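Architecture and fold: a report
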Amino acid sequence: MRELKIAMLGFGNAGQAFAKLILNKREEIKTSYNCDVRVIAIATGTRGSLVNDAGIDLDKAIEDLAKLHRFAADSADFSETAAMEIAGTVDYDVLIELTPLAIHSGQPAIDHIKAALNRRKHAITANKGPIAWAFEDLRKLAKEQGVRFYYETTVMDGTPVFNLVEETLPMCKVTEVRGILNSTTNFILEELAKGQDYDSVILEGKERGFVEANPSMDVEGWDAAAKTTALLNVLMGADITPDQIDRKGIEGITAEQIREAGSRGKVIKLLCSGILKNGKVIGRVAPEEIDQTELLATISGTSSVVSITTDLMRTVSIVEHDPEIEQTGYGIFSDLIRLIRTT
């Protein structure tokens, strides 16, 4: 039976959700694909690392984080090995990059992936930074090295956006992308429309777990700009970075503006868009008024949507309804299964 050894950089909520899927589906993967999947290394920034070529006990790793908030130092697998050293030296087959997003540079995730690709190892990332800041370089490197580089989770959790175009829209040229990709701002605008004050909305979002301790990256449109860049780089070959997106956040939007728009049959949403104009891809993130009858106006809560317009198939839209962390874990898992199927 074929063996596939995995090294994980990062083991937060998404990484643990992925690990649970591996635990639940390992035997099914063996049966369906004649492949035994083993996680042989996990690196974290502050909670220690684990390395065991025979396979890490994922149940114990998850349990230790829940109880101790770090990996048990007395574990035989415990290591102080840093993420870059694991990427560059450990004997794995596929690197899964899940470190925290550095929205203004994509580092050190870019270097982690380059280290793997340069060793002719496959790479999967849920980190949008590398796709927003270095996609063309990484794509070319993977091709030169004859390995796979997958990134489905970077924009809409487990929703098959990139796979949809690559696998099911052959010969189609994407000419426009439009969507709502940031759940935090979507939630804030909706709650303001209901009469809630801004501070109360932020507090509720933090308590529910989808608003960051510092929500400025969402409110100022940076997260949406990074996701827009990723979409345009992959689907339209834009080869741009987030600082090239025409970006405006929602910090200037007031409850009065939202109510006034509502009186005219409109809603305000933070829209992400990209269009091919005179041979150049132009990306934009900004709050816009949308007619209440439009699909984009119906996207509520933490849901998201992307509409992809092509020359042959015209416009196709895909909606993700109220995702939880399990959907992010599945996105990583689906890339792994794709890798197993195609290599």
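All of the points below concern the structure found in this document. Note that this is a predicted model, so its numbers are computed, not measured.

**A word on the environment of L312**
Along the polypeptide, L312 turns up in the loop between β12 (304–310) and β13 (314–320). Among the residues examined, L312 registers a relative accessible area of 56% and is labelled exposed. The spatial distance from the C-alpha of L312 to the C-alpha of M156 is 24 Å, given a sequence separation of 156 residues. Excluding its chain neighbours within four sequence positions, the residues that come into contact with L312 are M171 and C172.

**So, the sheet that holds strand β9 (residues 246–247)**
With mixed pairing, six strands are arranged side by side in an open sheet as β9-β11-β10-β8-β12-β13. Two strands close off the open sheet at either side, each with one partner strand: β9 and β13. Pairing geometry for β9 and strand β11 (residues 280–291), over two bridges, is parallel. Counterpart to R247 in the pairing with β11 is V285. In the packing of helix α8 (residues 183–193) onto the sheet, contacts are made with β8 (174–180) and β10 (266–277), and the angle to β10 comes to roughly 145 degrees.

**Remarks on the pattern of salt bridges**
What the rule picks out here adds up to 24 salt bridges. Here E260 ties to R264 by a salt bridge, and the two come within 2.9 Å at their closest N and O atoms. R264 sits in the partly exposed class, given a relative accessible area of 40%. Salt-bridge contacts for R284 lead to E288; the nearest nitrogen and oxygen are separated by 2.7 Å. Exposure remark for R284: the relative accessible area of 34% places this residue in the partly exposed category. Accessibility expressed as a relative area gives 22% for E288, which makes it partly exposed. Three or more residues are tied together by salt bridges with common partners; here these are R178, D246, R284, E288 and E294.

Conventions and cut-offs
Residues numbered from 1 in each chain as written. Predicted model: local features only at pLDDT ≥ 70, side-chain atom pairs only at ≥ 80, totals over all residues. Heavy atoms only, no water. Helix = DSSP H or I, 4+ residues; strand = E, 2+ residues; numbered from the N terminus. Buried < 20%, exposed > 50% of the residue type's maximum accessible area, 1.4 Å probe, protein only. Contact = heavy atoms within 4.5 Å. Pairing = 2+ DSSP bridges. Axes fitted to C-alpha atoms, helices over the stretch in contact; angles between N-to-C directions. Salt bridge = Lys/Arg side-chain N within 4 Å of Asp/Glu carboxyl O.

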